[in-house]
Amino acid sequence: MNIEVRYYSKSGNTKKIADAIAKQTGGSAKSIHEPIQGEVDLLFLGTGIYAFDIDPELKEYILTLNPANIKKVVVFSTAAIVKSAYEKTKRYLQAQGLNVSDQEYHCPGHYTILRKGRPNADDMKKAEQFAKSIINSL
Ligand SMILES: Cc1cc2nc3c(=O)[nH]c(=O)nc-3n(C[C@H](O)[C@H](O)[C@H](O)COP(=O)(O)O)c2cc1C
C-alpha cells in the first residue's frame, strides 16, 4: 500500500502534525513542493488556515493532483481560531475529482498570542492515533 503525507505549512505547526501522521505510514511527511510519484492509495494532506482560507499555493497544488492516481485523500489541519480547514480543502479537492474521506484531523496551532504551545505532545499523539485508525480501516 502506498501512503503519502503532504503538507502546506508556513510556520511549522501543520508540519508537526504531518510528521506525527507519517510515523504511522512508514514514510516521511513532505511539503507540497515534493511531487507525488506514481499511484497512491491514500494521501494525507495538511494545511493551516490563513486569513480564513487555505493558501492560494495549496489551491494551485490541488489542481496538479491527478484523481486517476490518488484513490483517497484525508485532510488534516491546524488553525488559531477556526475549527478546521476540512470543508474549504474538501471543496477544492472534490472540484478536482478527488475522493475525500469524511474523516479529518484538526487541532489548534500557535499564532501570535493565540494557542501558545500548540500543537503539543497530546495533539501529535492524537494525530498518530487518527492516522493509525484510518490506515487500519483501509
Ligand atoms: C498570515 C496568517 C494568517 C492567519 N489567519 C488565520 C485565520 O484567519 N484564522 C485562524 O484560525 N488562524 C489563522 N492563522 C493561524 C494559523 O492558521 C495557525 O497558526 C496554523 O497553525 C498555521 O499553520 P502552519 O504553521 O502549518 O502554517 C493565521 C496565520 C498566519 C501566519
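All of the points below concern the structure found in this document. (Residues numbered from 1 in each chain as written. Predicted model: local features only at pLDDT ≥ 70, side-chain atom pairs only at ≥ 80, totals over all residues. Heavy atoms only, no water.)

**Considerations on the pairing of strand S1 (residues 3-8)**
Within a regular strand, the side chains alternate between the two sheet faces.
Then comes step 1: In terms of residue burial, S1 counts as a mostly covered element, since six of its six residues are buried.
Then comes step 2: Judged by which residues are buried, S1 turns out to be covered on both faces: Ile3, Val5 and Tyr7 on one side and Glu4, Arg6 and Tyr8 on the other are all buried.
Then comes step 3: When S1 meets strand S3 (residues 42-48), the two strands line up parallel, connected through six bridges. Looking at the pairing, Ile3 lines up with Leu42 of S3.
Then comes step 4: Pairing between S1 and strand S2 (residues 29-31): three bridges, direction parallel. In the strand pairing of S2, Arg6 is matched with Lys30. (Buried < 20%, exposed > 50% of the residue type's maximum accessible area, 1.4 Å probe, protein only. Helix = DSSP H or I, 4+ residues; strand = E, 2+ residues; numbered from the N terminus. Pairing = 2+ DSSP bridges.)

**Brief notes about the site of the ligand**
Then comes step 1: Around the ligand, the structure places 19 residues, and the nearest of them are Ser9, Ser11, Ile49, Tyr50 and Ile81.
Then comes step 2: For the ligand, an oxygen atom lies 2.5 Å from a polar atom in the side chain of Tyr50.
Then comes step 3: Taken atom by atom, the bulk of the ligand overlaps the largest pocket.
Then comes step 4: Listing elements by their share of the shell around the ligand, those giving two or more residues are helix H1 (13-22) and strand S4 (73-79). (Near = heavy atom within 4 Å. Polar contact = N/O pair within 3.5 Å; in protein donor to acceptor, adjacent residues only side chain to side chain. 1 Å grid on protein atoms, 1.4 Å probe; cavity = no way out; pocket = protein on both sides within 12 Å on 5 of 7 lines; lining within 4 Å. Sits in = over half its atoms within 2 Å of the grid points.)

**Re the packing of aromatic side chains**
Then comes step 1: Counting across every chain of the model gives two aromatic pairs.
Then comes step 2: An angle of 75° between the planes, with centres 5.7 Å apart, marks the rings of Tyr8 and Tyr50 as edge-to-face. In this pair, Tyr8 sits in strand S1 while Tyr50 sits in the loop between S3 and helix H2 (56-64), placing the two residues 42 residues apart along the sequence.
Then comes step 3: For Tyr8, a relative accessible area of 8% corresponds to the buried category.
Then comes step 4: Here Tyr105 and Phe130 contribute two aromatic rings whose centre-to-centre distance is 5.9 Å and whose plane-to-plane angle is 40°, an arrangement assigned as tilted. Of this pair, Tyr105 sits in strand S5 (residues 100-108) while Phe130 sits in helix H4 (residues 121-136); the two residues are 25 residues apart in sequence, bridging distant segments of the chain. (Phe/Tyr/Trp six-rings, centres within 6.5 Å; stacked < 30°, edge-to-face > 60°.)

**Quick word on the pairing of S4**
Then comes step 1: Where burial is concerned, most of S4 is hidden: seven out of the seven residues are buried.
Then comes step 2: Side chains Val73, Val75, Ser77 and Ala79 of S4 all project onto a buried face; the interleaved residues Val74, Phe76 and Thr78 project onto the opposite face, where all are buried too.
Then comes step 3: Summarising the sheet, S3 and S4 pair through six bridges and their orientation is parallel. Considered in S4, the bridge of Phe44 is made with Val74.
Then comes step 4: As a crossover connection, the stretch from S3 through H2 into S4 is right-handed.
Then comes step 5: Read as a crossover between parallel neighbours, the route from S4 over helix H3 (residues 86-95) to S5 is right-handed. (Right-handed = clockwise from strand over helix to strand, strands pointing away.)

**Overview of the side chain of Arg6**
Then comes step 1: Residue position: Arg6 is located in strand S1.
Then comes step 2: The buried category is assigned to Arg6, whose relative accessible area is 2%.
Then comes step 3: A polar side-chain atom of Arg6 sits 3.1 Å from the main-chain carbonyl oxygen of Pro35.
Then comes step 4: Setting aside residues up to four positions removed in sequence, Arg6 forms contacts with Lys30, Ser31, Ile32, Glu34, Pro35, Ile36, Leu43, Phe44, Leu45, Gly46, Tyr61 and Phe76. (Contact = heavy atoms within 4.5 Å.)

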